[in-house]
Amino acid sequence: AVGRAPDLGMTRTVRTAVRRVLADAVARRVTPGAIVEAGSVEGPVLVETAGRLTYAVDAPDVDERTVYDLASLTKVIAAGTLAMRLSGGAGRIALR
């Protein structure tokens, strides 16, 4: 664990699985690099990085200080949340 936050179930198995998913995504060129951070208000309990900032061989590695612009995700998250609420738990919404 990083810092003093509780481990939140971040076992060695979970950490290994996260590393494997990141490494696989980079190897299959889904993304040149990524960072995963999980935690609570008390701080991060899991920080894993993989790959580089771009596909260029000499691009800097992704590290714990890498910041990604998440603006493009806000639309998807908001629309997905709204769709789930509109479905009322049924998993479907009417398209009119």
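In this text, all values refer to a predicted model and were calculated from it rather than measured experimentally.

Caption draft 1: Representation of unusual backbone geometry within the structure. With a phi close to 60°, Arg29 is a non-glycine residue in the positive phi region. Residue position: Arg29 is located in the loop between α1 (12-27) and β1 (33-40).

Caption draft 2: Here's a closer look at the environment of Asp61. Structurally, the position occupied by Asp61 is in the loop between β2 (43-51) and α2 (71-87). Residue classification places Asp61 among the partly exposed positions, given a relative accessible area of 48%. The residues contacting Asp61, other than those within four sequence positions of it, are Gly51, Arg52 and Thr66. Reaching out from Asp61, the side chain makes a polar contact with the side chain of Arg52 at a distance of 3.1 Å.

Caption draft 3: Examining the confidence of the model for the chain more closely. In the predicted model, the chain carries a mean pLDDT of 86, and the fraction of residues at 70 or more is 92%. The element-level mean pLDDT for the chain is lowest in α2, coming to 85, with α1 highest at 93. Counting contacts from residues 1-5, a segment whose pLDDT is below 50, to residues more than four positions away or on other chains yields 11 contacts.

Caption draft 4: Structural context of α1. Helix length check: α1 (16 residues) gives 22 Å between terminal C-alpha atoms against 22 Å at 1.5 Å per residue, within 8%. Taken residue by residue, α1 has Arg15, Val18, Leu22 and Ala25 as its buried positions. Down the axis of α1, the buried set is contained in an arc of 95°. They therefore lie on one face. When the buried face of α1 is taken as reference, the exposed residues oriented beyond 90 degrees from it are Arg12, Thr13, Arg20 and Ala27. If you follow the buried residues of α1, they end up packed against β1 and β2. Two residues or fewer past α1, Arg29 is found with a positive phi of approximately 60°.

Caption draft 5: The arrangement of the pattern of salt bridges in detail. Taken as a whole and assessed by the stated rule, the structure comprises four salt bridges. Put simply, Glu48 and Arg19 hold a salt bridge, and the shortest N to O gap is 3.1 Å. Taken together, the positions of Glu48 in strand β2 and Arg19 in helix α1 put the pair 29 residues apart, joining distant regions of the chain. The class for Arg19 is partly exposed, based on a relative accessible area of 42%.

Scoring rules and cut-offs
Residues numbered from 1 in each chain as written. Predicted model: local features only at pLDDT ≥ 70, side-chain atom pairs only at ≥ 80, totals over all residues. Heavy atoms only, no water. Helix = DSSP H or I, 4+ residues; strand = E, 2+ residues; numbered from the N terminus. Buried < 20%, exposed > 50% of the residue type's maximum accessible area, 1.4 Å probe, protein only. Contact = heavy atoms within 4.5 Å. Polar contact = N/O pair within 3.5 Å; in protein donor to acceptor, adjacent residues only side chain to side chain. pLDDT = per-residue confidence, 0-100. Expected span 1.5 Å × (residues − 1). Arc of directions from axis to C-beta. Salt bridge = Lys/Arg side-chain N within 4 Å of Asp/Glu carboxyl O.

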